[in-house]
Amino acid sequence: MRTIRRHRLLLAGAATIASAVALTSCSSGDAGAPAEDGAISGDILFYDTSGGQVWEELDATLFSDFTEDTGVTVTDDYNEAATKFFAASEAGQVPWSLAFLPTVNDAAKAAEDGYLEKIDTSIVPVDKLVEGTYDEYGIEVGTFGMVLTWDDEAYPDEKPSEMADLWDLETFPGKRCFFNNPQYGWTLEAALLADGVAPDELYPLDVDRALAKLDEIKSDITWWTSGAQSIESLENGSCDIGILWANRAFVAASENGFPASITWNQAGYSNSVWSIPAGAPNAAAAQELLAHVIENTEGQIAFASKVPTPIPASVIGLEPTSFPEDVQQFLPIGDNVTDAIKQDIDYYSENVDEVLDQFNRWLGE
């Protein structure tokens, strides 16, 4: 059974009639404000910067459960980046009641600009989240890991264990896979770690030093340009080892039956954020949705069993062992990330253009 705040949710009987009335008025312009008895209704338009399988599984698990328990629907509005959100917020014309902001930095900027509602902690039990994975304007979700990944059958004896193994062509022969966008590929960080830089000294990145290290294996690198291509490269033998997103490695292993293995040691990870826009047309329902998602352990496990990027990012008491065995090693939570490194989003926010320019010029040499 899911554990939910039923005393705050729209139930059967008279409340169902109230819901029908509210939905009718919503179609005439009322986006679903709470009724006097605290019931919620209407629809939550979701500003979604992930889409694809993430949306499909949210719709099938956490959002479906919320709709079943409250009658409030969640409608997807896919947007590739946060650009449209900021433009609409600046113009004061926000149709969304929940926003999936792609980076912590996006959420911080939106809060600073006054574009976000505060989380109502009398409704949303943030105390159930791991400290550091939420603030007064949002909860972190959808952690993506950038992990050392390899074809387990290519290395039957000794197994890779750290980023330096990408540079050990004798022990671990074969092509190396890297993402051609360093901000989301952990490429520069991996090079610096392999060159002996301590994890707590990675930032600001010494890009010159990282590129010099990458020069050592440049002719052995296969560059991938999308998550789908990353696992295709591994599966078709274009590379035997590299850095992939953990959720893509999971797809290769669990859905495609490929012997992909990973280590979280020296891996990088980063989060997205769910926030409620300032002036959201159905903010009351969005607050309840956040509460429902945090309390819906069953739904969290169901979602992350298909997409191992947990939502919320980390709930107290949920460890990898809480999930099915085949997904456990791919989850960026608990002991898995003890030796992983959180990406410095502020660094990239301030330096990304310069870093990309320098990297792309090196790539073309």
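The shown structure was predicted, so the numbers you read here are calculated from the model rather than taken from an experiment.

Some thoughts on the confidence of the model for the protein chain
Here's step 1: When pLDDT is averaged along the protein chain, the result is 89, and 90% of the positions lie at 70 or above.
Here's step 2: Here residues 5-31 is modelled with pLDDT under 50, and outside its nearest four sequence neighbours on either side it reaches 37 contacts, counting other chains as well.

Some thoughts on the pattern of salt bridges
Here's step 1: Considering all chains together, one arrives at nine salt bridges under this definition.
Here's step 2: Of the charged contacts, one joins Glu 140 and Lys 342 as a salt bridge, the two residues approaching to 3.5 Å between their closest N and O atoms. One end of the pair, Glu 140, is in strand β5 (residues 138-151); the other, Lys 342, is in strand β10 (residues 341-342), and 202 residues separate them in sequence.
Here's step 3: Relative accessible area serves as the criterion here: at 9%, Glu 140 is assigned to the buried category.
Here's step 4: With a relative accessible area of 38%, Lys 342 lands in the partly exposed category.
Here's step 5: In this structure, a network of salt bridges that share partners links the residues Asp 195, Arg 209, Lys 213 and Glu 216.

Description of helix α11 (residues 297-304)
Here's step 1: When α11 is considered as a whole, its buried residues turn out to be Gly 299, Gln 300, Phe 303 and Ala 304. Down the axis of α11, the buried side of the element spans an arc of 125°, and every buried residue falls inside it.

What about unusual backbone geometry?
Here's step 1: Geometrically, the link from Tyr 203 to Pro 204 is a cis peptide bond, its omega value of 0° lying close to zero.
Here's step 2: Along the chain, the position of Pro 204 falls in the loop between α6 (187-194) and α7 (207-215).
Here's step 3: In this model, Trp 186 sits at a positive phi of 65°, which is unusual for a non-glycine residue.
Here's step 4: A relative accessible area of 0% places Trp 186 in the buried class.
Here's step 5: Positive phi, close to 65°, is recorded for Gln 266, a residue that is not glycine.
Here's step 6: Tracing the chain through its elements places Gln 266 in strand β9 (residues 260-275).

Notes on the packing of α7 against helix α13 (residues 345-363)
Here's step 1: With their axes 11 Å apart at the nearest point, α7 and α13 run at an angle of 35° to one another. Seen along the crossing, α7 lies across α13 with a hand that is right-handed. Contacts from Val 207, Asp 208, Leu 211, Leu 214 and Asp 215 of α7 reach α13 at Tyr 347, Val 355, Gln 358, Phe 359 and Trp 362.
Here's step 2: Partitioned by chemical class, the residues of the contact of α7 with α13 number seven nonpolar, one polar and two charged.

Section: the packing of aromatic side chains
Here's step 1: Under the criterion given, the structure shown has 25 aromatic pairs.
Here's step 2: Geometrically, the ring pair formed by Trp 223 and Trp 362 is edge-to-face, given 6.1 Å between the ring centres and 80° between the ring planes. With Trp 223 in strand β7 (residues 221-224) and Trp 362 in helix α13, this pair connects stretches of sequence that are 139 residues apart.
Here's step 3: For Trp 223, a relative accessible area of 21% puts it in the partly exposed group.
Here's step 4: Three or more aromatic residues joined by ring pairs form one cluster here, namely Phe 46, Trp 55, Phe 63, Phe 100 and Trp 274.
Here's step 5: A cation sits over an aromatic face here: Lys 218 above Trp 362, 4.2 Å from the ring centre.

The rules we used
Residues numbered from 1 in each chain as written. Predicted model: local features only at pLDDT ≥ 70, side-chain atom pairs only at ≥ 80, totals over all residues. Heavy atoms only, no water. pLDDT = per-residue confidence, 0-100. Contact = heavy atoms within 4.5 Å. Salt bridge = Lys/Arg side-chain N within 4 Å of Asp/Glu carboxyl O. Helix = DSSP H or I, 4+ residues; strand = E, 2+ residues; numbered from the N terminus. Buried < 20%, exposed > 50% of the residue type's maximum accessible area, 1.4 Å probe, protein only. Arc of directions from axis to C-beta. Axes fitted to C-alpha atoms, helices over the stretch in contact; angles between N-to-C directions. Left-handed = near helix turned anticlockwise from the far one by under 90°. Nonpolar A, V, L, I, M, F, W, Y, C, P; charged D, E, K, R; others polar. Phe/Tyr/Trp six-rings, centres within 6.5 Å; stacked < 30°, edge-to-face > 60°. Lys NZ or Arg CZ within 6 Å of the ring centre and 35° of its normal.

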